[in-house]
Amino acid sequence: MNKNEKVRHNNKQPLKEILSEIIGQPVLSKGIGETLALRAWEAVLGKPVARITTNIYIKNGILYVWLNSSVVRSELYLNKMMIIKAINDYIGAHIVNDIVLR
């Protein structure tokens, strides 16, 4: 075999396993989890709450949410711990530690 030829290894591994290994890396899994948390907001709280949500982002495990309705904001604040649990359960990982409603 020539030195310049690449050696091909016959390590066969299903694509699902390869992707799990890549996504399982801490840096990537954190970013993916945060993206899923943003998507979970509408899935967990429904379209009516999503419609009055004007901005949403997550930073350092804190989900920041801006709402148009002070009444809904107050109601969500009262149920904040249940919402955090529901979002984390939806994601399947503990990503959201707190929610700041504005």
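Residues numbered from 1 in each chain as written. Predicted model: local features only at pLDDT ≥ 70, side-chain atom pairs only at ≥ 80, totals over all residues. Heavy atoms only, no water.

A. Quick peek at the nonpolar core. Of all hydrophobic cores here, the largest spans 17 residues; its most connected members are Trp-41, Leu-63, Ile-87, Val-96 and Ile-99. Sort the elements by how many residues they give to this core and helix 5 (residues 80-91) lands first, with four residues. The contacts of Trp-41, once residues within four sequence positions are left out, are Gly-46, Val-49, Thr-53, Ile-56, Leu-63, Val-65, Leu-67, Leu-76, Ile-83, Ile-87, Ile-99 and Leu-101. (Core = buried A, V, L, I, M, F, W, Y, C linked by side-chain atoms within 4.5 Å. Buried < 20%, exposed > 50% of the residue type's maximum accessible area, 1.4 Å probe, protein only. Helix = DSSP H or I, 4+ residues; strand = E, 2+ residues; numbered from the N terminus. Contact = heavy atoms within 4.5 Å.)

B. The arrangement of the packing of aromatic side chains in detail. The full count for this structure, using the stated rule, is two aromatic pairs. Ring centres of Tyr-57 and Tyr-64 lie 4.9 Å apart, and the angle between their planes is 20°; on these two criteria the pair is classed as stacked. Tyr-57 gets classed as partly exposed once you look at its relative accessible area, which sits at 33%. With relative accessibility at 16%, the residue Tyr-64 sits in the buried group. Pairwise contacts between aromatic rings join Tyr-57, Tyr-64 and Trp-66 into one cluster. (Phe/Tyr/Trp six-rings, centres within 6.5 Å; stacked < 30°, edge-to-face > 60°.)

C. Structural context of the pairing of strand 1 (residues 53-59). Taken together, the six bridges between strand 1 and strand 2 (residues 62-67) define a ladder with antiparallel strand orientation. Bridge assignment links Thr-53 to a residue of strand 2, and that residue is Leu-67. Hairpin remark: strand 1 followed by strand 2, antiparallel, with two residues in the connecting loop; positive phi at Asn-60, about 55°. (Pairing = 2+ DSSP bridges.)

D. Here's a closer look at the sheet that holds strand 1. Sheet architecture is open: three strands sit in the order 1-2-3, paired in mixed fashion. Lying at the two open borders of the sheet, with one neighbouring strand each, are strand 1 and strand 3 (98-101). For this sheet, the mean angle separating the axes of adjacent strands, direction not counted, is 15°. Both strand 2 and strand 3 contribute to a ladder of four bridges, which runs parallel. Looking across to strand 3, one finds that Val-65 is bridged to Leu-101. Against the sheet, helix 5 engages strand 2 and strand 3, with an angle of about 125° to strand 3. (Axes fitted to C-alpha atoms, helices over the stretch in contact; angles between N-to-C directions.)

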